[in-house]
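Spelled out from the first residue to the last, the chains are:
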Number of protein chains: 2
Amino acid sequence: MTDPRVRRWSPVGAAIARLLAPHAEVVLHDAATDRVLAVWNPLSRRATGDPSMLGELKRLDPAGDDVYGPYEKLLSDGRRLSSVSAVLRDDDGEPSAVLCVNLDRTPLEQAAALLAAFAAPTAPRPEALFEQDWAERVHQIVGAYVREHGRPAERLTRDDRLALLAELDAAGVFAVRRAVPVVAGALKISRSTLYALLAEHRRSPRP
Amino acid sequence: MTDPRVRRWSPVGAAIARLLAPHAEVVLHDAATDRVLAVWNPLSRRATGDPSMLGELKRLDPAGDDVYGPYEKLLSDGRRLSSVSAVLRDDDGEPSAVLCVNLDRTPLEQAAALLAAFAAPTAPRPEALFEQDWAERVHQIVGAYVREHGRPAERLTRDDRLALLAELDAAGVFAVRRAVPVVAGALKISRSTLYALLAEHRRSPRP
DNA sequence: GTCCACCTCGGACATTCCGTCCAATTCGTC
DNA sequence: GACGAATTGGACGGAATGTCCGAGGTGGAC
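Residues numbered from 1 in each chain as written. Chains lettered and ligands numbered in written order. Predicted model: local features only at pLDDT ≥ 70, side-chain atom pairs only at ≥ 80, totals over all residues. Heavy atoms only, no water.

Looking at an unreviewed UniProt entry, chain A carries the name Transcriptional regulator, with the source organism given as [Actinomadura] parvosata subsp. kistnae.

K.L.:
When you look at the side chain of Glu 25 of chain B in this model, what are you seeing that I'm missing?
P.N.:
With respect to the helices and strands, Glu 25 of chain B occurs in strand β1 (residues 24-30). Its relative accessible area of 1% is what places Glu 25 of chain B among the buried residues. (Helix = DSSP H or I, 4+ residues; strand = E, 2+ residues; numbered from the N terminus. Buried < 20%, exposed > 50% of the residue type's maximum accessible area, 1.4 Å probe, protein only.)

K.L.:
Any chance you could explain the protein's contact with DNA strand C here in plain terms?
P.N.:
Close contacts around DNA strand C come from 13 residues, with Arg 178 of chain A together with Arg 158, Arg 177, Ser 190 and Thr 193 of chain B the closest. For DNA strand C, the fraction of atoms within 4 Å of the protein that belong to sugar or phosphate moieties is 64%. Ser 192 of chain B places a side-chain nitrogen or oxygen 3.0 Å from a base oxygen of DNA strand C. Where the surface near DNA strand C is concerned, the elements lending two or more residues are α6 (191-203) of chain A together with α6 (191-203) of chain B. A breakdown of the residues in the surface near DNA strand C according to their chemical character gives two nonpolar, four polar and seven charged. (Near = heavy atom within 4 Å. Polar contact = N/O pair within 3.5 Å; in protein donor to acceptor, adjacent residues only side chain to side chain. Nonpolar A, V, L, I, M, F, W, Y, C, P; charged D, E, K, R; others polar.)

K.L.:
Where do I start with unusual backbone geometry in this structure?
P.N.:
When glycine is set aside, most residues are seen to have a negative phi, and most peptide bonds are trans. Residues and elements named next belong to chain B. Non-glycine residue Arg 178 carries a positive phi angle of around 65 degrees. Inspection of the secondary structure puts Arg 178 in the loop between α4 (158-170) and α5 (179-187). Within the chain, Lys 188 stands out as a residue other than glycine whose phi angle is a positive 60 degrees. Mapped onto the fold, Lys 188 is located in the loop between α5 and α6.

K.L.:
For this particular structure, what's the right way to read the protein's contact with DNA strand D?
P.N.:
Residues in contact with DNA strand D amount to 14 residues; listed here are only the nearest, Arg 158, Arg 177, Ser 190 and Thr 193 of chain A together with Arg 178 of chain B. In this structure, Thr 193 of chain A approaches DNA strand D through a side-chain N or O atom, which is 2.5 Å from a phosphate oxygen. At the level of secondary structure, the elements contributing two or more residues to the surface near DNA strand D comprise α6 of chain A together with α6 of chain B. Split into classes, the residues belonging to the surface near DNA strand D amount to three nonpolar, four polar and seven charged.

K.L.:
Got a minute to help me understand helix α3 (residues 134-149) of chain A in this structure?
P.N.:
Owing to its 3.6 residues per turn, the α-helix brings residues three or four apart onto one side. Residues and elements named next belong to chain A. The terminal C-alpha atoms of α3 lie 23 Å apart, and with 16 residues this matches the ideal 22 Å at 1.5 Å per residue to within 8%. Of the residues making up α3, those classed as buried are Trp 134, Arg 137, Val 138, Ile 141, Val 142, Tyr 145 and Val 146. Looking at the packing, one finds that the buried side of α3 touches α4 (158-170) and α5 (179-187). (Expected span 1.5 Å × (residues − 1). Contact = heavy atoms within 4.5 Å.)

Shown next, in the form of C-alpha cells:
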C-alpha cells in the first residue's frame, strides 16, 4: 500500500517537519507524475495525492547538485515562505522524488520588524539610499517573473513584458541612468520595443 | 556639595538607567553652562563636569513641549544611539537642566538582522527598489548635515561639501538621472564645482 | 595694503544618452 | 501563402553629462 519511496524518505521528512514545527511543512513529490506523495505538517492544506505545483522546478537548473533555492513563495493568504527543494534519486541514479521544505517566514519577519522598530529614530534608514547594483536587481525581478510563469525570457508574451515593465516602472527603475538598455536586454527585446511598450503602459496603466 | 538639581532628578535618572541597562545611559546636563551634572551607566565615558555636546539642542526647536527626539546619534566607535532629551524646569518655569537618555540600538539591530536573515530567500526585498522622490532625500541628507554642523548650506566649508558629496556618492545618488543639478543646488555650488569636488573625492576617497 | 595661491563660477564644448520616428523584416493567424 | 500586427535596427534631434578654461573672488602671509 505505502509507496516504497515514502517508506524510504519518511523519517527525513518527519524529522525536518518536527524540527521546524509549527512554521514549516515538508512535502514529498513524485518526480514523474507531479503528485504529492506525502506531506508533513501541511501549511497550505494540500493532501497526499494532490497535483503538485512542481512544473517549474525542471526549468530552474543551476547545473548540478540537485538542490534548488532557497527561493521565495507566496501563499494565497499572503504568508511568505522560504523554500528549498532536493531531487532524490533511486539507486540507479534516476530522479524518483522531490523533497520540498517550505518555511513560513512571517513570524520571523514580524519579530524582526518589532525589534527594528524599537526605539527607532524618526529618520529610519541610515544609508543605502539607492540600490547599488540595480542591474542585478532588474535581472532578479525578471527572473522571478520568468520562474513564476514558466516561460524563459526569450519567449515571454507581449502582455508578460507589459506587466513586467509596469512593475519595473513602478519600482522607479527608469529614473536610473542607463537603465533602458539593461532592461531591454533583460527582457530580450530591443530598445525601440521597450520604448513602445513603456509608452503604451504609461498611456493606460493597468490596475 | 551635591547640586540640588542632581538631588531632585537623581531618582529619575537612576531608575531609567537601571531599567534599560546595560544598553542605555542617562545624562543630566546643566542647561546654562553646558556641563554634565550627572551620568548614570555611561556609554561614552563622559564624567561629571565634562563639557556636554549640548549646543545643538537649542537649534532643534519643535516649538513647544520641551521634549526632543528621538533622534539618531553616532558614537565614535560606530554604535548607533537613539536619543531623547527633556528640558527640566525649576519651580519658576526657568530651564535648569536637560535630561538625555541615550539608548544603544546596536544589539537590537543585530538581533533584527539575525532574524531577518534567517531563512531569507536570495531575493530579499519584495518591492521598493528605488527611492521615489530622491530629490527630497538629498535635501534631507544635506539638511541633517547642516543641522549637525550648525552652518547653513550657503556657508559650508569646502571640506563639509566634500564629506557630504562622499556621503551622497556612497548612497548612489549620482546613478540617478538628473541628480547632478539637484545636488549642486542643494549644496549651493555650481555644477562645475560639484564635478571638481566629486572628481577630487573619487581620486582619493577619505576613510 | 599687496601679493599670491587657491577656489569658485559661468560658459563653451565634445560626448554620451534619451526618446522618437520610420522603413524593413519577422511573426502569428487564418 | 497572404495579411495585419509586432519587432527591429538604424537614424535623428534634443537633452543631459562631463571636461576645460579664463575671469573673477577670497583669504592668508608678509
